[in-house]
Amino acid sequence: TVDDIYDADGEEILTTEAGKGITDSGATRPVMGEETWQRWLDAIHMKGIKMHVKYEPCNRQFRFGNNKVLVSKRTVTFTAKPFGANKELKVNLVPGATPMLVARTCLEDWGMIVDFRAGAASLKDHPEGGWRSLERDEKGHFILDLLGLGKDDAMTGETTRSPTVTDDENDR
């Protein structure tokens with residue numbers, strides 16, 4: 001099986017900070033490069049964070065937007081903390097420095113609701129967290145802080161008002 005991972009422009013995806021991932025609504029499995037994972041481990045160690053990780057062998061191919069195919073020979077499972085909520089994340093590791101790509105399936109499993117116009121997201125099962133502003137990379141992709149390395153509360157962005165949904169004829 002080959003999973004297709006497409007960058008919107010068919011170009012190489014930009015690197016993100018350790019502990020952060022790019023949302024990829026077209027991907028069915030989360031993936032990141034071994035070099036990126038090592039940067040994450042180094043950052044976790046430097047912050048003195050204790051984290052349980054589990055490695056498992058696999059053999060899965062991923063096709064990227066430039067038609068390059070990379071083979072994942074192992075997965076890593078750990079607890080991510082999107083908006084401070086503990087969520088298990090199983091990531092396929094591929095050779096190189098591919099940034100962490102958070103698959104659509106993760107966003108679905110986590111109950112993430114995204115307001116693209118406002119650039120904000122919320123977790124359906126954690127309404128107390130409210131809506132959070134999302135960081136964007138240079139190409140406009142949403143970035144999620146998955147480990148809370150830069151924040152004491154492990155949350156990304158500021159709380160915002162919940163987007164208003166109307167059924168007004170003028171809004172259509």
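Preceding this paragraph is the structure being described.
Described in the following lines is the structure provided in the data block. (Residues numbered from 1 in each chain as written. Predicted model: local features only at pLDDT ≥ 70, side-chain atom pairs only at ≥ 80, totals over all residues. Heavy atoms only, no water.)

### A closer look at helix α1 (residues 34-47)
Quick note on the threshold: Strands here are runs of E lasting at least two residues and helices are runs of H or I lasting at least four, both read from the DSSP assignment and numbered beginning at the N terminus. Multiplying 1.5 Å by the residue count of a helix minus one yields the expected span of that helix. We call a residue buried when its accessible area falls under 20% of the maximum for its residue type, exposed when it is over 50%, and partly exposed in between, using a 1.4 Å probe and counting protein chains only. Directions are taken from the helix axis to each C-beta atom, and the arc is the one they span.
End to end, α1 covers 20 Å across 14 residues, agreeing with the expected 20 Å (1.5 Å per residue, within 8%). When we look at burial in α1, the residues that qualify are Thr36, Trp37, Trp40, Ala43 and Ile44. Seen along its axis, α1 keeps its buried residues to an arc of 120 degrees; they face one direction. For α1, the exposed residues set more than 90 degrees away from the buried face come down to Glu35, His45 and Met46.

### Notes on the pattern of salt bridges
Opposite charge on two side chains permits pairing when their charged atoms draw close. Condition: For this document, the term salt bridge refers to a Lys or Arg side-chain nitrogen within 4 Å of an Asp or Glu carboxyl oxygen.
Following the criterion strictly, the structure yields five salt bridges and no others. Between glutamate 17 and lysine 20 there is a salt bridge, with its nearest N and O atoms 3.5 Å apart. The shortest N-O distance in the salt bridge between lysine 20 and glutamate 135 comes to 2.8 Å. Of this pair, lysine 20 sits in strand β2 (residues 20-24) while glutamate 135 sits in strand β11 (residues 135-136), and the two are 115 residues apart along the sequence. Beyond isolated ion pairs, a larger network of salt bridges with shared partners links Glu17, Lys20 and Glu135.

### Considering the pairing of strand β5 (residues 69-80)
Let me state the cut-off plainly: What makes two strands pair is DSSP finding at least two bridges between them.
Sheet analysis places strand β4 (residues 54-64) next to β5, joined by eight bridges and oriented antiparallel. By the bridge assignment for β5, proline 57 is matched with arginine 74. Hairpin connection of β4 to β5: four residues between the antiparallel strands, including asparagine 67 at a positive phi of 70 degrees. Here β5 runs beside strand β6 (residues 87-94); their pairing, made up of seven bridges, is antiparallel. Its bridge partner lying in β6, threonine 79 is registered against glutamate 88. Once β5 ends, the chain turns through six residues before running back antiparallel as β6, passing phenylalanine 83 with a positive phi of about 55 degrees.

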